[in-house]
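In case you want the letters, here they are:
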Amino acid sequence: MKELYVDNNATTKVDEAVFEEMRPYFCELYGNPSSMHFFGGQVQKKVDEARNRVAALLGASPDEIIFTACGTESDNTAIRSALEVFPEKRHIITTRVEHPAVLTMCRNLAKRGYRVTELNVDSAGRLDMDELRKAIDDDTAIVSIMYANNETGVIFPIEEAGAIVKEKGALFHTDAVQAVGKIPLDMANSAIDMLSLSGHKLHAPKGTGALYLRKGVPFRPFMVGGHQEKNRRAGTENTASIIALGKACELAARHMEKENTAVKGMRDRLEKELMRLIPNARINGGGAERLPNTVSIAFEFVEGEAILLLLSEKGICASSGSACTSGSLEPSHVLRAMGVPFTCAHGSIRFSLSRFNTAGEIDLIIREVPPIIRRLREMSPFGREFLRA
Amino acid sequence: MWDYTDKVKEHFLNPRNVGEIKDADAVGEVGSLACGDALKLFVKLDDGKERIVDAKFQTFGCGSAIASSSALTEMIKGKTLDEALQITNKEIADFLGGLPEEKMHCSVMGQEALEVAIAKYRGHAVPAHGHDHEHEAMEGEIVCKCFGLTDQFLRKVIAGNRLHTAEQVTHFTKAGGACGGCIPKIKALIAEVLGEKTKEETKKPEKLTNLRKMQLIQDVLEKEIRPQLWADGGDLELIDIDGGKVQIAFRKACAGCVSSGYTAKFVEQKLRELVADDITVEEVEG
Ligand code: FES
């Protein structure tokens with residue numbers, strides 16, 4: 001069965017052009033960029049080029065880019081670094097809807113005696129800036145707020161938050177794994193001190209990421225050892241993947257326009273049609289500003305895993321914020337934080353598109369989803385009550 | 001992705017006996033929307049009211065919940081009520097060629113629904129699991145407030161499936177799978193069921209004057225309950241106490257939380273355990 005892939009917030013297809021770019025760096029140009037010989041030197045040039053490309057996408061300068069192994073490493077590095085830079089400060093601020101790469105780290109730190117404030121979101125998934133203003137104090141070492149939410153696509157007012165943080169002298173980090181490549185970013189005019197990104201969310205391979213570190217921001221490395229990345233991240237560079245990430249960023253910059261017109265157009269049509277065809281559905285975060293590619297819809301009286309399995313039978317690959325698929329038994333922490341009503345908290349499905357999706361695919365999803373929801377509602381005791389009413 | 005057997009997939013994609021029986025002799029309902037799965041089972045008996053001639057189900061839940069319900073209805077048809085009651089959750093899972101351990105609670109739900117249906121038909125007390133709709137008829141102490149599961153129910157599943165770890169208990173019953181606050185109690189239950197420990201009685205003060213009762217209620221709320229809610233980012237406010245009637249309002253994460261009904265139950269349980277048996281807790285807006 002050919003896959004119809006609309007789970008791009010989970011991971012993406014490696015762009016063929018990205019793969020071509022990285023291919024020679026396995027069997028032919030396998031030199032170590034740190035080596036003194038020409039053979040390593042030519043790889044070093046490509047790594048530099050990749051750094052330029054990542055920087056260009058972010059509106060940053062190349063020496064502000066540190067290559068890492070993934071978004072999680074970037075997140076962990078940023079938070080740990082801030083705490084080491086300010087050993088006397090014992091307070092961390094984050095949000096209840098962060099990715100586990102940040103949230104688990106903060107909760108572990110809370111167990112080790114740090115004071116952690118998790119900011120709430122409203123039912124549309126929005127942050128309250130006053131809550132941040134109240135929470136931050138001189139003891140705050142770092143504020144880490146995601147740029148855009150992976151489950152709902154809701155975009156946070158990062159610059160507004162950053163301005164508040166800077167006033168208090170804390171460091172400001174954002175997990176921008178879902179935002180990079182989807183919406184324009186400009187670090188040259190930003191309050192962000194550190195920003196995490198991940199390669200495999202923007203058509204580069206898995207196992208590569210980067211941390212943007214603003215010039216002048218104090219930093220302590222997480223990985224220590226060799227002198228790579230100007231002593232900021234030890235370990236031999238994953239050259240092929242770094243080169244791939246560079247290419248992926250270049251392509252993302254080139255496709256940014258398309259992402260916000262064509263992809264957004266498909267997403268808008270998908271959500272409008274599903275909402276029109278399916279009663280008692282709601283868009284999670286529908287009232288907030290969202291990424292152009294993401295929609296999360298909660299269907300009342302049905303359970304998410306069952307929907308996904310039936311979608312999968314049709315070749316449609318989506319994901320759910322529901323308990324059953326992830327092995328945990330509660331609705332996702334994001335939907336819970338938003339107070340999604342319990343009648344539909346277990347029945348949320350996320351469709352996340354990419355530039356590789358086609359209008360025909362969207363048509364197919366629009367055709368297949370309504371009968372699936374109806375079928376499960378007919379099977380569900382609550383759904384039947386509802387259908388009869 | 002779960003590693004479901006072909007049989008599970010087949011029963012999920014083509015479930016047998018979905019629907020309802022209008023003149024059913026016995027109906028059993030377990031689970032709820034908030035829990036994430038629920039099953040309503042209909043059973044029709046022969047003229048002698050001994051043998052099951054038909055069974056139908058409605059299920060809200062994941063793939064394996066639907067497959068387990070389908071399997072259950074196939075298994076009980078043709079059996080006498082007593083024979084049907086002998087069916088264990090393990091047999092339901094075996095019928096499907098096995099379930100991933102994390103999904104064993106789906107087979108347990110099937111067996112529970114059957115027990116409830118038959119008990120109600122026979123006019124017996126509805127067995128206490130907790131996560132059915134008959135909260136009033138429940139016996140036993142709530143151990144897992146998130147899923148509203150009683151010690152009696154957990155004990156039975158632990159013994160019946162010889163579960164040794166809290167993680168297994170979560171896989172079979174969901175208990176412990178949400179906030180995790182009940183895991184110490186689950187561990188104690190396991191130890192107890194495995195015969196290593198006897199239950200210590202919690203002491204309750206004797207007869208109370210109304211004033212003393214109010215003081216105690218406030219005390220328990222402040223010292224026992226609110227700190228637990230804070231840990232989850234929630235909070236509550238005491239609105240009123242009238243004799244045994246306690247009115248509370250939820251704040252922060254608890255307000256509008258999918259489990260706030262359970263949280264109210266949990267507060268009630270705690271107050272009954274530590275103050276007096278006749279306390280009822282009511283959630284109000286305020
Ligand atoms: S009390 Fe059992 S999981 Fe929360």
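Residues numbered from 1 in each chain as written. Chains lettered and ligands numbered in written order. Predicted model: local features only at pLDDT ≥ 70, side-chain atom pairs only at ≥ 80, totals over all residues. Heavy atoms only, no water.

**A look at the domain arrangement of chain B**
All names here are of chain B. The test is simple: Each domain span listed reflects an automatic or database assignment of domains. Residue contacts follow a heavy-atom distance rule, with two residues in contact if any of their heavy atoms lie within 4.5 Å. By buried area we mean how much accessible surface two parts lose on assembly, using a 1.4 Å probe and totalling the loss over both. Should a side-chain nitrogen of Lys or Arg be within 4 Å of a carboxyl oxygen of Asp or Glu, the pair is scored as a salt bridge. Whenever a nitrogen or oxygen atom comes within 3.5 Å of another N or O atom, the pair is scored as a polar contact, on the condition that within protein one atom can donate a hydrogen and the other can accept it, and that pairs from neighbouring residues in sequence are kept only if both atoms are in side chains. Only DSSP runs of H or I with at least four residues qualify as helices, and only runs of E with at least two residues qualify as strands; both kinds are numbered from the N terminus onward. Polar here means any residue outside two lists: the nonpolar Ala, Val, Leu, Ile, Met, Phe, Trp, Tyr, Cys and Pro, and the charged Asp, Glu, Lys and Arg; Gly therefore counts as polar.
Partitioning chain B into structural domains gives domain 1 (6-124), domain 2 (143-200) and domain 3 (203-283). Look at where the C-alpha atoms of domain 1 and domain 2 centre, and you get two points 23 Å apart. Each side of the interface is counted separately: domain 1 has 14 residues, and domain 2 has 10 residues. When the area that domain 1 buries against domain 2 is broken down by residue, the three leading residues are C35, E101 and H105, summing to 47%. Here K174 and D37 are joined by a salt bridge, their closest N and O atoms 2.9 Å apart. Taken together, the connections running from domain 1 to domain 2 amount to seven residue pairs in polar contact (both at pLDDT 80 or more). At the level of elements, helix 4 (89-95) and helix 5 (104-122) are the ones that each hand at least two residues to the side of domain 1 that touches domain 2. Per-element accounting of the side of domain 1 that touches domain 2 gives the leading share, six residues, to helix 5. Grouping the amino acids of the side of domain 1 that touches domain 2 by side-chain chemistry returns three nonpolar, four polar and seven charged.

**Describing empty space enclosed by the protein**
Residues and elements named next belong to chain A. Threshold: The rule is simple: put a 1 Å grid over the protein atoms alone, call a set of points where a 1.4 Å probe fits but cannot get out a cavity, call an open set with protein on both sides within 12 Å along at least five of seven lines a pocket, and count a residue as lining if it has an atom within 4 Å of a point. Grid points are joined across faces, edges and corners, and a volume is the space filled by probe spheres set on the points.
As enumerated under the stated definition, the model contains seven cavities of 30 Å³ or more in all. When its volume is computed, the largest cavity comes out at roughly 120 Å³. Along the wall of the largest cavity there are 14 residues; nearest its centre are K182, K201, L202, H203 and E259. Residue classes in the lining of the largest cavity are distributed as four nonpolar, six polar and four charged.

**As for the sheet that holds strand 3 (residues 52-60) of chain B**
Residue and element names in this part refer to chain B. Basically, it comes down to this: When DSSP locates at least two bridges between a pair of strands, those strands are taken to pair. Fitted lines through C-alpha atoms give the axes, limited to the stretch in contact for helices. The angle between two N-to-C directions lies from 0 to 180 degrees.
Ordered in space as 1-2-3, the three strands form an open sheet in which the pairing is antiparallel. Among the strands making up the open sheet, the edge pair consists of strand 1 (26-32) and strand 3. Strand-to-strand twist across the sheet, computed as the mean angle between neighbouring axes with direction ignored, equals 10°. Relative to strand 1, helix 5 is tilted by about 140°, and along the sheet it contacts strand 1 and strand 2 (37-45).

**Quick word on the interface of chain A and chain B**
Contacts between the two partners involve 30 residues from chain A and, on the opposite side, 35 residues from chain B. The junction of chain A with chain B conceals about 2,700 Å² of combined surface from both sides, 68% of it contributed by carbon and sulfur atoms. For the interface between chain A and chain B, the tally reads three salt bridges. Two residues, B:K103 and A:E305, come together in a salt bridge whose shortest N-O distance is 2.7 Å. Along the contact surface separating chain A from chain B lie nine residue pairs in polar contact (both at pLDDT 80 or more).

**Regarding helix 10 (residues 304-313) of chain A**
Residues and elements named next belong to chain A. The criterion, for reference: Residue burial is assigned from relative accessible area. The probe radius is 1.4 Å, only protein chains are included, and a residue is buried under 20% of its type maximum, exposed over 50%, and partly exposed in between.
Counting buried positions along helix 10 gives eight out of 10 residues, so the element sits mostly inside the fold. For helix 10, the complete set of buried residues consists of G304, E305, A306, I307, L308, L309, L310 and L311. Looking one or two residues past helix 10, G315 carries a phi angle of roughly 90°, positive in sign.

**Regarding unusual backbone geometry**
Residue and element names in this part refer to chain A. The phi dihedral of H203 falls on the positive side, at around 70°, and the residue is not glycine. Positionally, H203 belongs in the loop between strand 7 (194-198) and strand 8 (209-213). Using a relative accessible area of 6% as the deciding quantity, one classes H203 as buried. Residue K230 is not a glycine yet carries a positive backbone phi of 55°. Of note, K230 is situated in helix 8 (residues 228-231).

**With respect to the environment of A:G304**
Residue and element names in this part refer to chain A. Within the secondary structure, G304 is located in helix 10. Classification of G304 as buried rests on a relative accessible area of 0%. Spatially, the C-alpha atoms of G304 and K182 are 26 Å apart, while their sequence positions differ by 122 residues.

**Regarding the nonpolar core**
The line we're drawing: Definition of nonpolar core: a set of buried residues of the types Ala, Val, Leu, Ile, Met, Phe, Trp, Tyr and Cys, connected through side-chain atoms within 4.5 Å.
Of all hydrophobic cores here, the largest spans 92 residues; its most connected members are A:F299, A:L311 and A:F351. Ranked by residue count, the leading element in this core is helix 5 of chain B, at nine residues. Residues in contact with A:F351, not counting those within four places in the same chain, are A:V6, A:L270, A:L274, A:N293, A:T294, A:V295, A:L311, A:A318, A:I365 and A:V369. Residues A:V47, A:A161, A:A170 and A:A337 belong to the second largest nonpolar core, which totals 69 residues.

**Quick word on the packing of aromatic side chains**
Residues and elements named next belong to chain A. Defined as follows: For Phe, Tyr and Trp, where Trp contributes only its six-membered ring, two rings pair if their centres lie within 6.5 Å, and the inter-plane angle classes them as stacked under 30 degrees, edge-to-face over 60, or tilted in between. The rule for a charge over a ring is simple: NZ of Lys or CZ of Arg within 6 Å of the ring centre, and within 35 degrees of the ring normal.
Scanning all chains against the criterion turns up four aromatic pairs over all chains. Each ring, one from Y30 and one from F39, has its centre 5.0 Å from the other, and the planes form 75°; the classification is edge-to-face. Classification of Y30 as exposed rests on a relative accessible area of 55%. Under the relative-accessibility criterion, F39 is labelled buried at 18%. The interplanar angle of 35° and the centroid separation of 5.0 Å between the aromatic rings of F301 and F386 together place this pair among those described as tilted. With F301 in the loop between strand 10 (294-299) and helix 10 and F386 in helix 14 (residues 381-388), this residue pair connects regions lying 85 residues apart in the sequence. Chaining the aromatic ring pairs together yields one cluster made of Y30, F38 and F39. Taking the ring centre of F86 as reference, the NZ or CZ of K89 above it sits at 4.5 Å. Above the plane of the ring of Y114 lies R90, whose end atom (NZ or CZ) is 4.1 Å from the centre.

**Topic: the domain arrangement of chain A**
All names here are of chain A. The assigned domain composition of chain A is domain 1 (4-10 + 255-388) and domain 2 (16-252). On the side of domain 2, 30 residues touch domain 1, which itself brings 30 residues to the contact. Interface area for domain 1 against domain 2, summed over the two sides, is near 2,500 Å², with a carbon-plus-sulfur share of 56%. Summed over the shared surface of domain 1 and domain 2, the number is zero salt bridges.

**Observations regarding the pairing of strand 4 (residues 115-119) of chain A**
All names here are of chain A. Heads up, the condition is: Whether a crossover is right-handed comes down to one check: with the strands pointing away from the viewer, does the path from the first strand over the helix to the second run clockwise; if it does, it is right-handed.
Both strand 3 (residues 91-95) and strand 4 contribute to a ladder of five bridges, which runs parallel. Pairing of I92 across the sheet is with V116, part of strand 4. Chirality of the crossover, the property in question, places the unit of strand 3, helix 5 (residues 100-111) and strand 4 among those that are right-handed.

**Section: the packing of helix 6 (residues 151-161) of chain B against helix 8 (residues 183-193) of chain B**
Residues and elements named next belong to chain B. The line we're drawing: Note that the term roughly parallel is reserved for angles under 35 degrees, roughly antiparallel for angles over 145, roughly perpendicular for angles of 65 to 115, and oblique for everything else. It is the rotation of the near helix from the far one that decides the hand of a crossing: anticlockwise by less than a right angle makes it left-handed, clockwise makes it right-handed.
It is at 10 Å that the axes of helix 6 and helix 8 come closest, and there the two elements cross at 55°. It follows from the interaxial angle that helix 6 and helix 8 lie oblique. As helix 6 runs across helix 8, the sense of the crossing is right-handed. Within the contact between the two elements, helix 6 uses D151, L154, R155, I158 and A159 and helix 8 uses L189, I190, E192 and V193. Across the contact of helix 6 with helix 8, the residue classes break down as six nonpolar, no polar and three charged.

**As for the pattern of salt bridges**
Inspection of the entire model under this criterion finds 48 salt bridges over all chains. Of the charged contacts in the structure, one is a salt bridge between A:D122 and A:R126, with a shortest N-O distance of 3.1 Å. Look at A:R126 and you get partly exposed, because its relative accessible area is 40%. For B:D25, the salt bridge is made with B:K49, and the minimal N-O distance between the two is 2.8 Å. Here B:K49 lies in the loop between strand 2 and strand 3 and B:D25 lies in the loop between helix 1 (6-13) and strand 1, a separation of 24 residues in the sequence. By relative accessible area, B:K49 is classed as partly exposed at 34%. Via salt bridges that share partners, A:E21, A:K46, A:E49, A:R53, A:K247, A:E250 and A:R254 belong to a single interconnected network.

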